[in-house]
Amino acid sequence: MIGPRAAALLPGRRDYRGLRGSWRGDLVAGITVAIVALPLALGFGVASGLGPEAGLVTAIVAGVVAGVFGGSRVQVSGPTGAMTVVLVPLVASVGPGGVALVALLAGVLLVIVGGARLGRYAGILPWPVVEGFTVGIALLIFLQQVPSALGVAKPDGTNTAAVALRAVTRWDGHGWTALGLVALVAVVMVAMGRLHRGLPASLMAVVVATGLCELAGLNAARIGHIPSGLPMPTWPSVSSGHLSALVSGVFAVAALAALESLLSAKVADGMADGEDHDPDRELVGQGLANIAVSFVGGMPATGAIARTAVNVRAGAQTRASAIVHGLVLAVVVLALAPLLERVPLAALAGVLMVTAVRMVEFSTVARILRTTRGDALLVIATAGATVAFDLVTAVCVGVALASLLALKAVADSTSFAAEPVDHPADVDATLEHALLEEHIVAYRVDGALFFGAAQRFLLELTEIADVEVVILRLGGLRVLDSTGAQALADLIAHLQDRDITVLLASLRPEHRLLLQRAGVLDVLVHENHVVADISEALIHARRHVVRTGHALRALA
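Caption draft 1: The sheet that holds strand S3 (residues 440–444), seen in detail. Taken in spatial order, the four strands make up an open sheet running S3-S5-S7-S8, and their pairing is parallel. Lying at the two open borders of the sheet, with one neighbouring strand each, are S3 and strand S8 (530–531). The pairing of S3 with strand S5 (residues 469–473) spans five bridges and is classified as parallel. When the sheet's bridge partners are listed, Arg 444 is paired in S5 with Arg 473.

Caption draft 2: Seen up close, the side chain of Thr 32. Tracing the backbone through its elements, the reader meets Thr 32 in helix H2 (residues 19–48). Not counting the four nearest positions on each side in its chain, Thr 32 is found in contact with Val 310 and Ala 314.

Caption draft 3: A look at the pattern of salt bridges. What the rule picks out here adds up to seven salt bridges. The shortest N-O distance in the salt bridge between Arg 222 and Glu 214 comes to 2.7 Å. Under the relative-accessibility criterion, Arg 222 is labelled buried at 19%. In this structure, Glu 510 and Arg 508 form a salt bridge, with 3.7 Å as the shortest nitrogen-oxygen distance. Through salt bridges with shared partners, a single network forms among Asp 15, Arg 281 and Arg 319.

Caption draft 4: Up close: the packing of helix H5 (residues 127–144) against helix H7 (residues 160–170). Packing of H5 against H7 leaves a shortest axis separation of 9 Å and a crossing angle of 35°. Every pair of crossing elements has a handedness; the one defined by H5 and H7 is left-handed. When H5 is examined against H7, the residues Leu 140, Leu 143 and Gln 144 are found in contact with a partner set consisting of Thr 160, Ala 161 and Ala 164. In terms of residue class, the contact of H5 with H7 is built from four nonpolar, two polar and no charged.

Caption draft 5: Just a nonpolar patch on the surface, in detail. A cluster of nonpolar side chains, Trp 23, Leu 27, Ile 31 and Ile 35, forms an exposed patch at the surface whose accessible area comes to about 320 Å². With respect to the element layout, Leu 27 can be found in helix H2.

So, how was this worked out
- Residues numbered from 1 in each chain as written.
- Predicted model: local features only at pLDDT ≥ 70, side-chain atom pairs only at ≥ 80, totals over all residues.
- Heavy atoms only, no water.
- Pairing = 2+ DSSP bridges.
- Helix = DSSP H or I, 4+ residues; strand = E, 2+ residues; numbered from the N terminus.
- Contact = heavy atoms within 4.5 Å.
- Salt bridge = Lys/Arg side-chain N within 4 Å of Asp/Glu carboxyl O.
- Buried < 20%, exposed > 50% of the residue type's maximum accessible area, 1.4 Å probe, protein only.
- Axes fitted to C-alpha atoms, helices over the stretch in contact; angles between N-to-C directions.
- Left-handed = near helix turned anticlockwise from the far one by under 90°.
- Nonpolar A, V, L, I, M, F, W, Y, C, P; charged D, E, K, R; others polar.
- Patch = residues over 30% accessible without salt bridge, like charges linked within 9 Å, V, L, I, M, F, W, Y side chains within 5 Å.
- Areas by Shrake-Rupley, 256 points an atom, 1.4 Å probe, with all protein chains shown as cover.

This is the structure in structure tokens:
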């Protein structure tokens, strides 16, 4: 017999509730995502060094397996740019067979972590570290495409920045055809995106570039032969020289797959209506997907934020859309393999360069850089470590630095000076009970709200029900960083989406400035929802409840 905890990690009929009413939307979404995923799968396969067939088979197999077993209704999985950053040096050191073994072992590790219910702890990474991590990955993806964009052979080396620099110095000024194709792809993608967000801009850009090469007879490097069958892996004999590279590769792939998949699933929760994802089941699903692709010559897979967003916007309601996406890709590859072989490498380079630029939310990074010098340092240090070293080192550097900054903030907040209390009219048990009957809840946040506590704070407060107004009393809050600020923004948005009014009371001047720089106060539906103290907050809350009651009676 399977226990209830284990059963919750397995597929069931509950996964397809509402499919009878949503199957048309799921079908359209699956086809749409497959069209978007095709050029990306080709590009990521080529960029990783494993070949286009590895990217295609990963999109198909991982898309279906993770769609069935994953913890999100609308998540779409497959090859991603972030994973190619890990794979390029890995392929150089252990070869394609070693990558298959890494995918297998990383998948097993993800299943173990998900089965042990550790998925929820992935949310404690500091917000500036995640953004710095993303900036570094985007920069590496862009730099990886420089040789193809210049039309030169990829120089030897494992450091992406150094390889890109060698490619630039090797370029003799005769690679204008490749550069022209890159520019054409970028223009088409930007133009199509402005015309309509639902258009498959990347695919259309590749079609235009390929068609131009065929009609004009341009001399451009092409993808080349794509096998009609599944590319089977060659399992390596593990030598002592490869062992350290394999072990570090397993942990790097597993960590990246967990981080990117859970981040993508969280973004999907904010875009789609319905129940949120199960982080533990998501890790199990991604683990099984990586185990599956290791046996068919694929590359390690993760949840893909861009394709997941397209899936949601196209109308997906159940995991059937992700399954359809994989099946449609399989049919397209079987039918159009000879045409895909004619795609210029420079066109794929252009697609990935535009994708890399779009990965970075420049407004978000700018907000973090404006908050505090410590948060700005976190973004820069994590991005720099990602480019200079590797992703695991970058995350370790970011978390270690964030921990030091958090400890310093706690130490700086310790003082022996007398401070005024929030307000003489405090919220005792009697008043708290009375407020609940009025559908008002007042929470007092004391101590520190930084990256280690922000996720727990968010999870606890989003579970409230049958409430019309939530008052957050922040006068006792001593330590607040940008991750805590982002948690506040997420909480406010989540509650307001449920038509719950949020009031911030007793906000310290230094914290108000940080929240303002981080854009948190802009999330509030009205600027008057920041009040001086608890008494003013209670007056405002009661007026709101009375107004809401009058409005409901008028509608009745």
